[in-house]
Every structure is written in C-alpha cells, then in structure tokens.
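Below, each chain spelled out in residue letters.
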Amino acid sequence: MNINYTPEELAFRDDVRAFLDQALPADIAAKVKGFRHLTKEDHQRWQQILCKQGWYATHWPEEYGGVKWTPVQKHIWDEESCQYGVPRSVPFGVNMVAPVIIKFGNEEQKQTYLPRILSGEDWWCQGYSEPGAGSDLASLKARAVREGDHYIVNGQKTWTTLGQYANMIFCLVRTNTEVKAQEGISFLLIDMNTPGITVRPIITLDGEHEVNEVFFQDVKVPVENRVGEEDKGWTYAKFLLTYERTGLAGIGLSKAALSHLKHLASRCIKNGRPLIEDTSFSQRIARVEIDLTAATISNLRIIAAVEGGGMPGAESSMLKVKGTEIRQAINDLARRAIGPYAIPFAEEELNLDYEGEFLSDENAAPLSAQYFNNRKLSIFGGSNEIQKNIVSKMILGL
Ligand SMILES: Cc1cc2nc3c(=O)[nH]c(=O)nc-3n(C[C@H](O)[C@H](O)[C@H](O)COP(=O)(O)OP(=O)(O)OC[C@H]3O[C@@H](n4cnc5c(N)ncnc54)[C@H](O)[C@@H]3O)c2cc1C
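Because the structure is a prediction, the values reported are computed rather than measured. (Residues numbered from 1 in each chain as written. Predicted model: local features only at pLDDT ≥ 70, side-chain atom pairs only at ≥ 80, totals over all residues. Heavy atoms only, no water.)

K.L.:
How should the site of the ligand be read in this particular structure?
P.N.:
If you check the shell around the ligand, you find 17 residues, and the closest are Ser-135, Trp-159, Thr-161, Ser-383 and Glu-385. Interatomic distance of 2.9 Å between a backbone N/O atom of Gln-126 and a nitrogen atom of the ligand. Sort the elements by how many residues they give to the shell around the ligand and helix 12 (residues 384–394) lands first, with three residues. Split by residue class, the shell around the ligand holds seven nonpolar, eight polar and two charged. (Near = heavy atom within 4 Å. Polar contact = N/O pair within 3.5 Å; in protein donor to acceptor, adjacent residues only side chain to side chain. Helix = DSSP H or I, 4+ residues; strand = E, 2+ residues; numbered from the N terminus. Nonpolar A, V, L, I, M, F, W, Y, C, P; charged D, E, K, R; others polar.)

Okay, structure coming up:
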C-alpha cells in the first residue's frame, strides 16, 4: 500500500484548502474550533456554501446532484475540513436517508426528496431507536397498521438527534407481528408536522438539547411514503447503517483535538512550568498520539482496500472502537489540563457571543461540555461492545 498522495490527490488537497480559505465563514469556524454552540442557521448557511461548490452530497451519484469523490479524496476532505473548523455535516438527510431513497425508493420519492435535501428545505432526523430497542433494534415496537391508503402509526422513538429542528423523520415501524422480528418491519418517511407527533427534549450531561423523544399517537402516514416493500424495511435499515458507521472513527477530528490539547497544555502552568513539560502529562499525550498514528494508518489501509474494489468489513468496527476511544481519551486529557477549573461551567458560556463572567476558566465550558457530550461516541452508531462482538466473530473467529 502506498501511503503517499499522488500528484492528483495533492492537487485536490490544494483545491480543498483554497476553497476553505475563501469560503468558510470565520464566525462558524470560530464556533467549531472553540467548541461553541452551532445554530440551525449556521448549519444551513454552510450547507448552502457547500452545495454551491458541488461538494455537499459526496455519497450520491452525479445524476442526482452528487459528486464522485474517491475514498482518498473523502479522507483528504475529512482531514482538511477538521483542521479548518468546518462544522460536521448533519448526516440524517444527505448521508443516511438519501442513499436509501436512491437505492430502494421509487422515482417519485427520488424526485420529491433528493432536491429538497440538497436545497436544505427538508431537515431529516432518524427514528430507529426506542426505549428497549437500541442494540437489539429488531425488537422495536412502534406499530403501523394499514387502513386503506394510509398507515396509522403509534409508538415512541428516542435519542432522536436534532429532531427539534426536523420537518421529516425516517422511521422503522412494525407492520407485521406474525413473523420473525426482522421480517415484520417497514421503512416510512414521515412529515413531522402531521397531527399526533410530539417531540420532547432530553437534556444531556453537558446541558445540551441535542436529543429528543418522539411520540406518535394515531399518526396518519400515506402508504406512498413507504420506501420499498412492506415488511422488508430491515434490509433498507441495515443498508443505511453501513453509511452511518462510515467515518465514525473521526480521525480528522481527533487530529484537530490533539493539536488543541497540545496548545492548551503549553499554556496551562503547573508548578511554575507549562503542563506540556510535565513528564507524566506529556507521556499521556504521547501515548494517545501513538494510538492515533496507528489508527490513521489502519484507516488508510481500509481506504486502500476500498480503492482496490474491496468492501470495509469488520475492520471498520475495529476502527470505530479505537477511533472513539482515542477521541474520548483526548477529551479527558483536555479536561484534566485545566484541572479543578473544568467544573463548574454554565451552559450559556458555550455561546460565542457570551459576555457575562465565566464561572471559572473560560475554557471550562467547551472542554467539560465536550468531554461529557462525547461519552456518546462509544454508544451510538452501534455501541463499542457490539462492535467488539463483531470483531471477535468476524476477525478472531470466536
Ligand atoms: C447522543 C446519542 C444520539 C443518538 N441519536 C440517535 C438518533 O438520532 N436516532 C436513533 O434512532 N438512535 C439514536 N441514538 C441511539 C443509539 O443508536 C443507541 O443508544 C444505541 O444503539 C444503544 O442502544 P441503547 O441505548 O438502547 O442501549 P442498550 O442496547 O440497552 O445497551 C446498554 C448497554 O449494554 C451493552 N450491550 C447491549 N447488547 C449487548 C450485547 N449483545 N453484547 C455486549 N454488550 C451489549 C451496550 O453496549 C451498552 O453498553 C443515539 C444515542 C445517543 C447516545
């Protein structure tokens, strides 16, 4: 495997840098780099800029307005965009439901939904998990009963990320209780403004409103909003999950976070010297950096296999576990760097325009909030324990 970029790839990296130098709004980059609150408007503004450049839908065929990037080009984008402070794209529309609609939807669904995802007219959220159906997703209970040309949906979804902004939700619902769990599930596209839908916030450890509970009471959904065949939703759901796991290792994010950690550790003073000169602390940084370098090489190995026509298999589970452990370790060290000042913090301090007094250190809110928020990394997208089960079966043959 050649881990050096080709001249074409280096030229692409120059193009990416030139574009980001010119197009990334400074206020948005400042929020991302300072781990401050991003608004719905921030996400939408950046999406419009990316769309104009033709770089928004990097998983889509060109005929639908996508761009055909190679895995290496995606990797270059990931690395560069993280260093520049580009907001992570909200994946539910562009990277999750769109590939399902492209592969399994009918022509009308493609014509209706894909342009609205590109234009930002629709904000999608993901209605998979339920209380009691997370890792064991096939046990989901939200029920859709067919009445003429509608389904009547009743039940609850949970952990629905950014559902408070969404006008559309893609949902897994049970349409058949007489068959094996996986065989009685359908995939519905539901307008969040339909009567009978209630969204309630779940406030996470960092004080954020990022996730929600969504309740459905006698919600009427036209049958034409079903993707593919009735009771075959599990196939489409699994296809979507392969897209969800892509990029969860967050190598680019870890690299940016590591640079920030080193910067922080050189500014924090311990016993009269910069923390980065403290033997024990610098060893911890070195350890995580070695892990990150190894994960970067593994990532490139997987990319090389995909470029050669292979499919990422259980290796992506391995990378998800290592990548998320590394990000959490970096967050932990950053929080430790400011020591007892890490807590307390006030949630308002996460606003870029906050002008009040800081409860302790001005770094406390972003570092502590990030530490708490990123506990999620080892849970979502298939928990790390589930990924380890996959590795033990598929790689170790246990
Ligand atoms: C911040 C956040 C955002 C999320 N956003 C969304 C979203 O937008 N849409 C959505 O549908 N879902 C979302 N999720 C849900 C996420 O997919 C689930 O939390 C995840 O699948 C785990 O399910 P669970 O929480 O029910 O935990 P459980 O499945 O109950 O697991 C509890 C614990 O048991 C372990 N465990 C379970 N089964 C096994 C096993 N077989 N072997 C070993 N260990 C096991 C798990 O690893 C975990 O540690 C989100 C979750 C979080 C935390």
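There is more to say, and it comes next.
K.L.:
Would you mind going over helix 11 (residues 364–373) with me for this structure?
P.N.:
At 3.6 residues per turn, the α-helix brings residues three or four places apart onto the same side. Counting buried positions over the ten residues of helix 11 gives nine, a clear majority of the element. Regarding helix 11, the residues found buried are Ala-364, Ala-365, Pro-366, Leu-367, Ser-368, Ala-369, Gln-370, Tyr-371 and Asn-373. In the core, the buried residues of helix 11 are packed alongside strand 7 (209–222), helix 8 (251–267) and helix 10 (314–337). (Buried < 20%, exposed > 50% of the residue type's maximum accessible area, 1.4 Å probe, protein only. Contact = heavy atoms within 4.5 Å.)

K.L.:
How do you make sense of the pairing of strand 6 (residues 197–203) when you look at a structure like this?
P.N.:
Taken residue by residue, a regular strand's side chains alternate between the two faces of the sheet. Of the strand pairs in this sheet, strand 6 and strand 7 are connected by seven bridges, and their pairing is antiparallel. Looking at the pairing, Pro-201 lines up with Asn-212 of strand 7. Counted between consecutive antiparallel strands, the loop separating strand 6 from strand 7 contains five residues, among which Gly-207 sits at a positive phi close to 85 degrees. (Pairing = 2+ DSSP bridges.)

K.L.:
Which parts of the structure should I look at to understand the packing of helix 4 (residues 71–84) against helix 8?
P.N.:
The packing of two helices is summarised by the inter-axis angle and the distance between the axes. Where helix 4 meets helix 8, the axes come as close as 8 Å, and the angle between the chain directions of the two elements is 35 degrees. Once helix 4 is placed against helix 8, the crossing between them reads as right-handed. Taken together, the residues of helix 8 that come into contact with helix 4 (itself represented by Asp-78, Glu-79, Cys-82 and Gln-83) are Ile-251, Gly-252, Leu-253, Lys-255, Ala-256 and Ser-259. (Axes fitted to C-alpha atoms, helices over the stretch in contact; angles between N-to-C directions. Left-handed = near helix turned anticlockwise from the far one by under 90°.)

K.L.:
Help me understand the packing of helix 1 (residues 7–23) against helix 3 (residues 40–53), please; the structure alone is not making it clear to me.
P.N.:
Helix 3 packs onto helix 1 with a crossing angle of 135 degrees between their chain directions and a minimal axis gap of 12 Å. Classified by the interaxial angle, the pair formed by helix 1 and helix 3 is oblique. For helix 1 against helix 3, the interelement crossing comes out right-handed. Residue-level inspection shows Phe-19, Leu-20 and Ala-23 of helix 1 in contact with helix 3, the latter providing Trp-46, Ile-49, Leu-50 and Gln-53. For the contact of helix 1 with helix 3, the residue count by class is six nonpolar, one polar and no charged. (Parallel < 35°, antiparallel > 145°, perpendicular 65-115°, else oblique.)

K.L.:
What is the right way to look at helix 8 in this model?
P.N.:
Look at helix 8: 25 Å from first C-alpha to last across 17 residues, which is about the 24 Å you get at 1.5 Å a residue. Looking only at helix 8, the buried set comprises Ile-251, Gly-252, Ser-254, Ala-257, Leu-258, Leu-261, Leu-264 and Ala-265. Buried-residue contacts for helix 8 involve helix 4, strand 10 (273–274), helix 9 (279–307), helix 10 and helix 11. (Expected span 1.5 Å × (residues − 1).)

K.L.:
Please clarify how the packing of aromatic side chains should be interpreted in this entry.
P.N.:
Here a ring pair, both rings aromatic, is described through the centre-centre distance and the interplanar angle of the planes. According to the stated counting rule, one finds 15 aromatic pairs in the structure shown. Centre to centre, the rings of Trp-124 and Phe-170 are 6.3 Å apart; their planes meet at 40 degrees, and the pair counts as tilted. Taken together, the residues Trp-124 in strand 1 (residues 124–127) and Phe-170 in strand 4 (residues 168–174) connect sequence positions 46 residues apart. In this pair, the class of Trp-124 matches that of Phe-170, namely buried. An aromatic cluster is built from Phe-12, Phe-19, Trp-46, Trp-55, Trp-69 and Trp-77, whose rings are joined through pairwise contacts. (Phe/Tyr/Trp six-rings, centres within 6.5 Å; stacked < 30°, edge-to-face > 60°.)

K.L.:
Explanation requested: unusual backbone geometry in the structure shown.
P.N.:
Negative phi values dominate among residues other than glycine, just as trans dominates among peptide bonds. Phi is positive for Phe-35, which is not a glycine, with a value near 55 degrees. Mapped onto the secondary structure, Phe-35 falls in the loop between helix 2 (26–33) and helix 3. Phi angles above zero are rare outside glycine, and Asp-231 is one such case at about 70 degrees. Residue position: Asp-231 is located in the loop between strand 8 (226–227) and helix 7 (233–245). Classification of Asp-231 as buried rests on a relative accessible area of 16%.

K.L.:
What am I meant to see in the nonpolar core here?
P.N.:
Side chains of a nonpolar character, in soluble globular proteins, are inclined to be buried together. Residues Trp-60, Trp-77, Val-153, Phe-170, Phe-187, Leu-189 and Ile-190 are the most contacted members of the largest nonpolar core, which totals 75 residues. Per-element accounting of this core gives the leading share, eight residues, to helix 5 (residues 91–104). (Core = buried A, V, L, I, M, F, W, Y, C linked by side-chain atoms within 4.5 Å.)

K.L.:
Would you mind going over the pattern of salt bridges with me for this structure?
P.N.:
Side-chain pairs of opposite charge can arise whenever the charged atoms involved come near each other. All chains considered together, the criterion is met by 19 salt bridges. Of the charged contacts in the structure, one is a salt bridge between Arg-88 and Asp-78, with a shortest N-O distance of 3.3 Å. Pair noted here: Arg-88 is in the loop between helix 4 and helix 5 and Asp-78 is in helix 4, with a separation of ten residues, a long-range link. Accessibility expressed as a relative area gives 18% for Asp-78, which makes it buried. (Salt bridge = Lys/Arg side-chain N within 4 Å of Asp/Glu carboxyl O.)

K.L.:
What am I meant to see in the pairing of strand 5 (residues 185–191) here?
P.N.:
In terms of residue burial, strand 5 counts as a mostly covered element, since six of its seven residues are buried. As judged from the seven bridges shared by strand 4 and strand 5, these two strands associate in the antiparallel manner. Note on strand 5: the bridge partner recorded for Phe-170 is Leu-189. For strand 5 and strand 8, the ladder comprises two bridges, and the chain directions are antiparallel. Directly across from Phe-187, in strand 8, lies its bridge partner Val-227.

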